[in-house]
Amino acid sequence: MLDIDNIRRQFPIFSTTTKTPLVYLDNAATTQKPLVVLERLQRFYSYENANIHRGIYQLADDATRHFEKARSRVAQFINAKYPDEVVFCSGTTEAINMVAQGLRKYLSSDHQLVVTAMEHHANFVPWQTVCNQTGARLRVIAVKPDGTLDRDQLDAAIRQKPAVLALTHISNTLGTINPVHEIVALAKEHGVITVVDAAQSIAYDHLDVKDLDCDFLAFSGHKAFGPMGIGVLYGKEEQLARLEPYQQGGSMIIKVSEESTTFKPPPHGLEAGTPPVAEAVALGTALDFISGIGLSKIKVHNHSILLYAKEKLSSLQGVQQIGPENETSSIVSFLMKDIHPHDVATILGESGVAVRAGHHCAQPLMQALNIHGTVRASFTIYNNREDVDQLIDALKTVEKVML
Amino acid sequence: MSESLKKLYNHLILDRQKDLSNFEKNENAQITLEAYNPVCGDQFKLYLDFDNNTISKASYYGYGCSLSRASTSLLVELLPGKSGKEVLECIQSYYRQLEDDKEDRSELIKALSMAKEFPGRKQCVVLSWDTVKHFIQNKRA
Ligand SMILES: Cc1ncc(COP(=O)(O)O)c(C=O)c1O
């Protein structure tokens, strides 16, 4: 059994003495940071700070080594073949933009790109934009009323051999877990480039990119107990090499003359400018933190809290859970009678319960489900049953206030 | 329940958001405006008819939280009979009343003014008002 109290104590935010203790149920938006990660950031800036890949002195050399060690740590965590298949960037959003713009030169009106109606805007708008730029067509796969993908439609679309399939592993709104292994395998059979948005999976379940066999995969450090401002684009070596660098500048070049420039190969050729070095290093620490507890144990804990929350929510009259009944990550989305999600969230906030309300950056999904928004509670390793009980108590207050 | 929460979700706001007067589509309106907040998805159509330069009829339809509904309901109730200039004065006066508790103001506006004390909710009580303000300003410019 995990000692949740002990884990919770490692997160300074829960020890602050505010008027009401924090019940943090917005982990799908960002997780809190454990002390080891905060200390790692501070240690870098206090004692190790230098720009990387350029200084001919010990401090710079050490900083470069820390940064490259973090790259190896990420590669190991997702079981990439080589560290150089890991490109550091600012987050999932930048990673996906890097792929979409990096493939732009290969796209034309002869091509189709496939996304789903369940995508976060970060895995939707960059594809829509590159379609507008190149004349390629964007095909949006429907979501069924139960919050799962329309597999028939998706499989048929894949058989038409689109250029790219961009798909989220886990829906940030409903927690739906897509069978990415099966889908990627089918896409591979038809020669489709696959891009997996793993923003919600990185701290939820083991990711093994060799086994998954996708071409690209993106995630953000801040949703995995790491700092904001650092994220990862994984790409198979030969796929990264095809990407046109979407930003140019320092660090990513071999030779520059007035007439032309040669770029470094990936990953460095895709990392223009000074990267967030301390954040990358601290992301490595965050992944160590996760491995230290064990992702399997984290998953079991999160699932038990989710089931407890779902059971408690279904005992409340007028609460309607949105999304699949089974096969969800530690996210539950719901509506309360006809009360606007923001009214619910304001009243919960007054009780110290932090949830997300609104469209969750997934407007096409809201349109598909014909709703305006939801209230979303999302759980992780430091949440306990008391957090859920407080959520339920606060929801009872909502009823009292609003009805 | 906190005092500020009680003041915000005052019965006047809750009654107002359920009040259906002027909550109706008017596809034939001379002017249809859209008040939209991309953060929460609140979206109202505001229907305005003019007689010379005076608003003769106003109604609204759409989706929003209790605060945006109540404040929009108040807005369309106040608009008829006002010229462009008077509309702008009325909106400015509403904004002053939201900010300044020394202003002489109705209990409903007192309650709406509490929105600024809640994270992310200040926008709800000015959404439709801003939309009408921008429309009138552009029309006059
Ligand atoms: C599924 C999914 N994709 C993409 C993103 C975007 O991540 P970021 O804002 O860190 O770039 C998020 C974050 O909310 C997400 O949940």
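Conventions we followed
Residues numbered from 1 in each chain as written. Chains lettered and ligands numbered in written order. Predicted model: local features only at pLDDT ≥ 70, side-chain atom pairs only at ≥ 80, totals over all residues. Heavy atoms only, no water. Helix = DSSP H or I, 4+ residues; strand = E, 2+ residues; numbered from the N terminus. Buried < 20%, exposed > 50% of the residue type's maximum accessible area, 1.4 Å probe, protein only. Contact = heavy atoms within 4.5 Å. Buried area = accessible area lost by both parts, 1.4 Å probe. Salt bridge = Lys/Arg side-chain N within 4 Å of Asp/Glu carboxyl O. Polar contact = N/O pair within 3.5 Å; in protein donor to acceptor, adjacent residues only side chain to side chain. Nonpolar A, V, L, I, M, F, W, Y, C, P; charged D, E, K, R; others polar. Expected span 1.5 Å × (residues − 1). Domains from an automatic or database assignment. Phe/Tyr/Trp six-rings, centres within 6.5 Å; stacked < 30°, edge-to-face > 60°. Core = buried A, V, L, I, M, F, W, Y, C linked by side-chain atoms within 4.5 Å. Axes fitted to C-alpha atoms, helices over the stretch in contact; angles between N-to-C directions. Parallel < 35°, antiparallel > 145°, perpendicular 65-115°, else oblique. Left-handed = near helix turned anticlockwise from the far one by under 90°. Pairing = 2+ DSSP bridges. Arc of directions from axis to C-beta.

1. Observations concerning the side chain of Thr134 of chain A
Residues and elements named next belong to chain A.
- Assignment of secondary structure puts Thr134 in helix 5 (residues 125-134).
- Look at Thr134 and you get buried, because its relative accessible area is 18%.
- Apart from the residues within four sequence positions on either side, Thr134 is in contact with Arg104, Leu107, Ser108 and Ser109.

2. Observations regarding unusual backbone geometry
Residue and element names in this part refer to chain A.
- Residues Pro266 and Pro267 are joined by a peptide bond in cis, for which omega reads 0°.
- Summarising the element assignment, Pro267 is placed in the loop between strand 10 (261-263) and helix 10 (277-293).
- Not every positive phi belongs to a glycine, and Lys161 is a case in point at roughly 55°.
- We note that Ser251 has phi near 75°; this positive angle belongs to a residue other than glycine.
- With respect to the helices, strands and loops of the structure, Ser251 is situated in the loop between helix 9 (237-242) and strand 9 (253-256).

3. Digging into the interface of chain A and chain B
- Taken together, the contact between chain A and chain B spans 13 residues of the former and 22 residues of the latter.
- Of all residues in chain A, the largest losses of buried area upon contact with chain B belong to His340, Glu350 and His372 of chain A, amounting jointly to 34% of the total for that side.
- Counting the contacts that link chain A with chain B gives one salt bridge.
- On inspection of chain A and its partner chain B, the count reaches eight residue pairs in polar contact (both at pLDDT 80 or more).
- The element contributing the most residues to the side of chain A that touches chain B is helix 12 (residues 341-350) of chain A, with six residues.
- Along the lines of polarity and charge, the residues of the side of chain A that touches chain B split into four nonpolar, seven polar and two charged.

4. With respect to helix 4 (residues 84-99) of chain B
All names here are of chain B.
- Helix length check: helix 4, at 16 residues, gives a terminal C-alpha distance of 23 Å against a target of 22 Å (1.5 Å per residue), a fit within 8%.
- Buried residues of helix 4: Gly84, Val87, Leu88, Cys90, Ile91, Tyr94, Tyr95, Gln97 and Leu98, and no others.
- Check the buried side of helix 4 and you find it contacts strand 3 (54-63), helix 3 (66-78), helix 5 (107-113) and helix 6 (127-140).

5. Quick notes on the domain arrangement of chain A
Residues and elements named next belong to chain A.
- For chain A, the domain assignment lists domain 1 (4-30 + 294-402) and domain 2 (38-292).
- Between the C-alpha centres of domain 1 and domain 2 the distance comes to 28 Å.
- Counting residues at the interface gives 38 residues for domain 1, matched by 36 residues for domain 2.
- The largest share of the area that domain 1 buries against domain 2 comes from Leu295, Lys299 and Leu365, three residues that together contribute 21% of it.
- Summed over the shared surface of domain 1 and domain 2, the result is one salt bridge.
- Ionic pairing is found between Lys299 and Asp205, a salt bridge with its closest N-O pair at 2.9 Å.

6. Quick word on the environment of Leu14 of chain B
Residues and elements named next belong to chain B.
- Residue placement: Leu14 occurs in helix 2 (residues 11-18).
- Since its relative accessible area comes to 7%, Leu14 is described here as buried.
- Placed 12 residues apart in sequence, Leu14 and Asn26 show a C-alpha to C-alpha distance of 25 Å.

7. As for the packing of aromatic side chains
Residues and elements named next belong to chain A.
- Overall, the coordinates contain 15 aromatic pairs over all chains when judged by the stated rule.
- A centroid spacing of 4.9 Å and a plane angle of 55° characterise the contact between Phe14 and Tyr382, whose relative ring orientation is tilted. Taken as a pair, Phe14 in the loop between helix 1 (4-9) and strand 1 (23-24) and Tyr382 in the loop between strand 15 (374-378) and helix 14 (385-402) lie far apart in primary sequence, 368 residues in all. Comparing Phe14 with Tyr382, the two get one shared label, buried.

8. Focus on the nonpolar core
- Counting residues in hydrophobic clusters, the biggest one holds 76 residues, and the most contacted among them are Ile78, Phe88, Leu165, Leu217, Phe225 and Ile290 of chain A.
- Of all the elements, helix 10 of chain A adds the most residues to this core, at 11 residues.
- Structurally, this core is a two-domain feature, drawing no fewer than three residues from each of domain 1 (4-30 + 294-402) and domain 2 (38-292) of chain A.
- Discounting residues that sit within four places of it in the chain, Ile78 of chain A has contacts with Ile202, Leu207, Asp208, Val209, Phe219 and Tyr234 of chain A.
- Ile339, Leu395 and Val401 of chain A together with Ala115 of chain B belong to the second largest nonpolar core, which has 75 residues in total.

9. Points about the packing of helix 2 of chain B against helix 3 of chain B
Residue and element names in this part refer to chain B.
- Taken N-terminus to C-terminus, the directions of helix 2 and helix 3 make an angle of 75°; their axes are 8 Å apart at the nearest point. One finds that helix 2 runs roughly perpendicular with respect to helix 3. Side by side, helix 2 and helix 3 meet where Ile13, Arg16 and Gln17 of the first sit next to Ser66, Leu67, Arg69, Ala70, Ser73, Leu74 and Glu77 of the second.
- Taken together, the residues of the contact of helix 2 with helix 3 break down into four nonpolar, three polar and three charged.

10. Here we look at the environment of Ile339 of chain A
Residue and element names in this part refer to chain A.
- Looking at the element boundaries, Ile339 is found in the loop between strand 12 (331-336) and helix 12.
- The spacing of Ile339 and Leu243 is 96 residues in sequence and 47 Å in space, taken between C-alpha atoms.
- The contact partners of Ile339, leaving out residues within four places of it in the chain, are Val344, Val398, Met402 and Leu403.

11. Re the packing of helix 12 of chain A against helix 14 of chain A
Residues and elements named next belong to chain A.
- Contact pair helix 12 / helix 14: the axes reach a minimum separation of 9 Å and the direction vectors enclose 120°. In terms of orientation, helix 12 and helix 14 fall into the oblique class. As helix 12 packs across helix 14, the resulting crossing turns out to be right-handed. Between helix 12 and helix 14, the contacting residues are Asp343, Val344, Ile347 and Leu348 on the first element and Leu391, Ala394, Leu395, Thr397, Val398, Val401 and Met402 on the second.

12. With respect to the sheet that holds strand 12 of chain A
Residue and element names in this part refer to chain A.
- Strand order across the open sheet formed by four strands is 11-12-15-14, with antiparallel pairing between neighbours. At either margin of the open sheet sits one strand with a lone partner, and together these are strand 11 (319-322) and strand 14 (356-358). Mean inter-strand twist for the sheet, computed between neighbouring axes without regard to direction, equals 30°.
- Bridge analysis of strand 14 against strand 15 gives three bridges, and the strand direction is antiparallel.

13. Notes on helix 2 (residues 35-48) of chain A
All names here are of chain A.
- In this model helix 2 runs 18 Å from its N-terminal to its C-terminal C-alpha over 14 residues, within 8% of the 20 Å that 1.5 Å per residue would give.
- Inspection of helix 2 places Val37, Arg40, Leu41, Phe44 and Glu48 among the buried residues, and these make up the whole buried set. With its buried residues spanning 105° around the axis, helix 2 presents them on a single face. Projecting away from the buried face of helix 2 at angles above 90 degrees are the exposed residues Gln42 and Tyr47.
- The elements touched by buried residues of helix 2 are helix 3 (58-77) and helix 10.

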